[in-house]
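# Overview (structure and organization)
Chain by chain, the residues run as shown.
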Amino acid sequence: MVMYFSRFDRMIGHLNDIVNQCTSFKIGKTSNPEARHNSPDYRDKYPNIEVLYTSKSKELVSYVEAILIDECLSSVADRCDNEKDGEESLRDTMGVSCEYYVYVVWR
């Protein structure tokens with residue numbers, strides 16, 4: 001169990017480093033980070049993407065995304081571009097995949 005907390009702590013630290021240097025950011029989940037970053041709604045708005053978390057579990061990825069969104073909306077809402085809170089994002093769907101990702105895009 002300690003491994004998971006350590007991995008989560010490192011992810012939070014990395015996200016904090018990004019958030020502290022950017023003008024705005026958005027957290028999301030996907031089954032294909034490259035395709036998501038190249039989509040029209042992200043390509044021109046967010047030049048950077050970083051995968052924060054990966055899992056074969058769609059549910060676990062959704063849960064991690066929800067926690068990160070809620071934390072960012074409560075601590076750095078002025079730069080967080082997420083419109084939905086974590087609970088709302090749990091209802092979003094992803095395509096079927098072998099691997100799922102939580103990412104942050106920023107500028």
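Residues numbered from 1 in each chain as written. Predicted model: local features only at pLDDT ≥ 70, side-chain atom pairs only at ≥ 80, totals over all residues. Heavy atoms only, no water.

## Here's the deal with the layout of surface pockets
Taken as a whole, the largest pocket spans an internal volume of roughly 260 Å³. Around the largest pocket sit 15 residues that line it, and K26, I27, G28, E65 and D92 are the ones nearest its centre. Residue assignment for the lining of the largest pocket shows that the elements contributing at least two residues are β1 (25-30) and α4 (58-75). Counted by class, the lining of the largest pocket contains four nonpolar, four polar and seven charged residues. (1 Å grid on protein atoms, 1.4 Å probe; cavity = no way out; pocket = protein on both sides within 12 Å on 5 of 7 lines; lining within 4 Å. Points joined across faces, edges and corners; volume = space filled by probe spheres on them. Helix = DSSP H or I, 4+ residues; strand = E, 2+ residues; numbered from the N terminus. Nonpolar A, V, L, I, M, F, W, Y, C, P; charged D, E, K, R; others polar.)

## Focus on the confidence of the model for the protein
Mean pLDDT over the protein: 89, with 95% of residues reaching 70 or higher. Here helix α5 (residues 86-89) stands out as the least confident element of the protein, with mean pLDDT 76; strand β3 (residues 100-106) is the most confident, with 97. (pLDDT = per-residue confidence, 0-100.)

## Some remarks on a negative patch on the surface
There is a patch of like negative charges on the surface, built from D70, E71, D85, E87 and E88. Looking at the negative patch, the elements with two or more residues in it are α4 and α5. Along the chain, E88 falls in helix α5. A relative accessible area of 36% means that E88 is categorised as partly exposed. (Patch = residues over 30% accessible without salt bridge, like charges linked within 9 Å, V, L, I, M, F, W, Y side chains within 5 Å. Areas by Shrake-Rupley, 256 points an atom, 1.4 Å probe, with all protein chains shown as cover. Salt bridge = Lys/Arg side-chain N within 4 Å of Asp/Glu carboxyl O. Lys, Arg positive; Asp, Glu negative; His and termini not counted. Charge placed at Lys NZ, Arg CZ, Asp CG, Glu CD. Buried < 20%, exposed > 50% of the residue type's maximum accessible area, 1.4 Å probe, protein only.)

## Topic: the nonpolar core
Most often, soluble globular proteins have nonpolar side chains that are buried together. L15, F25, I27, L68, C72, V102 and V104 are the most contacted members of the largest nonpolar core, which totals 21 residues. For this core, the secondary structure elements donating two or more residues are α1 (2-21), β1, β2 (48-55), α4 and β3. If one sorts the elements of this core by residue count, α4 sits on top with five residues. Excluding residues that lie within four positions of it along the chain, F25 makes contacts with V19, Y46, C72, V76, R79, C80, D81, N82, V104, V105 and W106. (Core = buried A, V, L, I, M, F, W, Y, C linked by side-chain atoms within 4.5 Å. Contact = heavy atoms within 4.5 Å.)

## Observations regarding a nonpolar patch on the surface
The grouping of L60, Y63 and L90 at the surface amounts to a nonpolar patch, some 290 Å² of accessible area in total. Of note, L60 is situated in helix α4. Look at L60 and you get partly exposed, because its relative accessible area is 35%.

## Quick word on the pattern of salt bridges
Using the criterion set out here, one finds four salt bridges in the structure. Measuring nitrogen to oxygen at the nearest pair gives 3.5 Å for the salt bridge that ties K29 to E65. Taken together, the positions of K29 in strand β1 and E65 in helix α4 put the pair 36 residues apart, joining distant regions of the chain. The class for K29 is buried, based on a relative accessible area of 10%. Between D41 and R36 there is a salt bridge, with its nearest N and O atoms 3.0 Å apart. Owing to a relative accessible area of 44%, D41 belongs among the partly exposed residues under this scheme. What makes R36 partly exposed here is its relative accessible area of 22%.

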